[in-house]
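# Residue-level structure breakdown
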Amino acid sequence: MTTALSPTLAGLRLAEVAEANRPAQMPLLTRIAELLAASDSVTHLLVRGSLASGTADRLSDVDFVVGVHDRDLPAFAAALDDLMTVAGGALLPGWRDTIVADLGGIGYVFLVQHGGKLHQLDLYLVPSSQVSALRRKVTGKLLLDRPPTEITTSQIEQARSHIAGLLARPRTCTELLVEHLVLAVLLHKRIRRGQQYVAYAEWHLFHTATKNLIKTALAPASPYWGWYQLREEIACTPIGRACLAELEVAITSPPVPRSTDIDAALDRVLTLTERACPYALAGLADAVTAYRTYLELA
């Protein structure tokens, strides 16, 4: 014989179940949303991805679209690293995302400390003038819709030009080191989820970042595109030959990495950085040490 629950008790039980299954990232999502919304420059906040659709797991990233008044976008983008590392709990400067689709803005990936773990935080900055067009392409939950003050044609052009300039600017050795650190976290996530195809693609990005780091450090004025003429340009010095040896180990590794492969590759990159461009580690040494600790605990 079964006893029917009263409507009140049933509601309480459902609330308990919902709370028990509440994604661990929700407090982080709330904190970052409040931090971003506190800026008068931010006109829209949209949560997208698995947290918006209710399909999040413990490895899911926190994914925001951030509408910024066209007039303020250059200054906001310039201050974003400081905002996220000082107030947001980010361990490292943001990685300028090369994986995200082009939606008229520019994406950044931060690794944020929360609850004793590193979480992936994706922020896609888009000029306020482009938010309506973006929302026709992207589904999500709107958290903030603050109508911007008048946006002029010159401000729209200024924002568009700034984004184009950021996307075209070559990355520094420090930025390429951060790219490796972020990609290593993403790759560990792919392996744990069994996402072999995505792991294959991001593993190639990791090796390409290693090549770019070597070229930026040792042949910054190279006229050659991509992987061309590496040996001719780089192997003319002992440091260059040692760096190419590290790169050859990387590109002959398994096409889909295991966790041990990712860790070994990261060790090689840090050794390579110390050898070819030690200045890239300036200011990041403590962060890298903490980062390695988080990876060991994951």
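Residues numbered from 1 in each chain as written. Predicted model: local features only at pLDDT ≥ 70, side-chain atom pairs only at ≥ 80, totals over all residues. Heavy atoms only, no water.

## Describing the overall build of the chain
A count of helices and strands for the chain gives 12 helices and six strands. Projecting the C-alpha coordinates of the chain onto the three principal axes gives extents of approximately 80 × 60 × 30 Å. A total of 298 residues make up the chain; the buried ones form 46% of that total. Long-range pairs, those at least 24 residues apart, make up 67% of the contacts in the chain between residues at least 6 apart in sequence. Working note: accessible area of the chain is about 15200 Å², and carbon and sulfur atoms make up 57% of it. Distance between charge centroids for the chain: 4 Å, based on 28 positive and 30 negative side chains. (Helix = DSSP H or I, 4+ residues; strand = E, 2+ residues; numbered from the N terminus. Buried < 20%, exposed > 50% of the residue type's maximum accessible area, 1.4 Å probe, protein only. Contact = heavy atoms within 4.5 Å. Areas by Shrake-Rupley, 256 points an atom, 1.4 Å probe, with all protein chains shown as cover. Lys, Arg positive; Asp, Glu negative; His and termini not counted. Charge placed at Lys NZ, Arg CZ, Asp CG, Glu CD.)

## Considerations on the layout of surface pockets
Any empty space left between atoms is shown by rolling a water-sized probe over those atoms. Reported here for the largest pocket is a volume of approximately 570 Å³. In terms of lining, the largest pocket is formed by 23 residues, of which the most central are P170, R171, K211, N212 and T216. Elements supplying a minimum of two residues to the lining of the largest pocket: α6 (153–168), α7 (173–193) and α8 (196–218). Per-element tally for the lining of the largest pocket: the top contributor is α8, with seven residues. (1 Å grid on protein atoms, 1.4 Å probe; cavity = no way out; pocket = protein on both sides within 12 Å on 5 of 7 lines; lining within 4 Å. Points joined across faces, edges and corners; volume = space filled by probe spheres on them.)

## Notes on a nonpolar patch on the surface
A cluster of nonpolar residues, Y224, W225 and Y228, forms a patch on the protein surface that exposes about 450 Å² of accessible area. Mapped onto the elements of the fold, Y228 is located in the loop between α8 and α9 (230–234). (Patch = residues over 30% accessible without salt bridge, like charges linked within 9 Å, V, L, I, M, F, W, Y side chains within 5 Å. Salt bridge = Lys/Arg side-chain N within 4 Å of Asp/Glu carboxyl O.)

## Some points on the side chain of E202
Relative to the elements of secondary structure, E202 occurs in helix α8. For E202, a relative accessible area of 4% puts it in the buried group. When near neighbours in sequence (up to four residues on either side) are disregarded, E202 contacts I99, L186, L187 and R190.

## Re the packing of α7 against helix α11 (residues 259–276)
Here α7 crosses α11 at 175°, and the two axes come no closer than 10 Å. One finds that α7 runs roughly antiparallel with respect to α11. When α7 is examined against α11, the residues L177, H180, L181, A184, L187, H188 and I191 are found in contact with a partner set consisting of S259, I262, D263, L266, V269, L270 and T273. (Axes fitted to C-alpha atoms, helices over the stretch in contact; angles between N-to-C directions. Parallel < 35°, antiparallel > 145°, perpendicular 65-115°, else oblique.)

## A look at the pattern of salt bridges
Counted by the stated rule, this structure contains 10 salt bridges. Between D57 and R193 there is a salt bridge, and its shortest N-O distance comes to 2.8 Å. You can see D57 sitting in the loop between α3 (50–53) and β2 (62–68) and its partner R193 sitting in helix α7, a full 136 residues away along the chain. A residue is classified by how much of its surface remains accessible, and D57, at 34% relative accessible area, is partly exposed. On the basis of relative accessibility, which here comes to 30%, the residue R193 falls in the partly exposed class. Its salt-bridge partner being E175, residue R169 comes within 2.9 Å of it at the nearest N-O pair. Given the relative accessible area of 33%, R169 is considered partly exposed.

## A short note on α6
Given a rise of 1.5 Å per residue, 16 residues ought to cover 22 Å, and the 23 Å separating the end C-alpha atoms of α6 matches this to within 8%. The set of residues buried in α6 consists of Q155, A159, I163 and L166. End-on view of α6: buried residues confined to an arc of 75°, all on one side of the axis. Seen from the open side of α6, the exposed residues pointing more than 90 degrees away from its buried face are T153, S154 and A168. The inward-facing, buried residues of α6 abut α4 (73–87), β3 (95–96), β4 (106–114) and β5 (117–127). (Expected span 1.5 Å × (residues − 1). Arc of directions from axis to C-beta.)

## Describing unusual backbone geometry
The phi torsion at Q229 lies on the positive side, around 60°, for a residue other than glycine. Mapped onto the secondary structure, Q229 falls in the loop between α8 and α9. Here Q229 falls in the partly exposed class, since its relative accessible area comes to 30%.

## Re empty space enclosed by the protein
Within this structure, the stated rule accounts for two cavities of 30 Å³ or more. Size it by volume and the largest cavity reaches roughly 50 Å³. Every residue lining the largest cavity is listed: F206, H207, T210, E246, A250, A265, R268, V269 and L272. Counting residues per element, the ones that place at least two in the lining of the largest cavity are α8, α10 (238–251) and α11. Take the lining of the largest cavity: its biggest share by element is four residues, from α11. For the lining of the largest cavity, the class distribution of residues is five nonpolar, two polar and two charged. Secondary structure elements with two or more residues in the lining of the second largest cavity: β1 (42–48) and α5 (131–135). In terms of residue count, the dominant contributor to the lining of the second largest cavity is α5 (three residues). (Nonpolar A, V, L, I, M, F, W, Y, C, P; charged D, E, K, R; others polar.)

Just distances and angles here, no functional claims.
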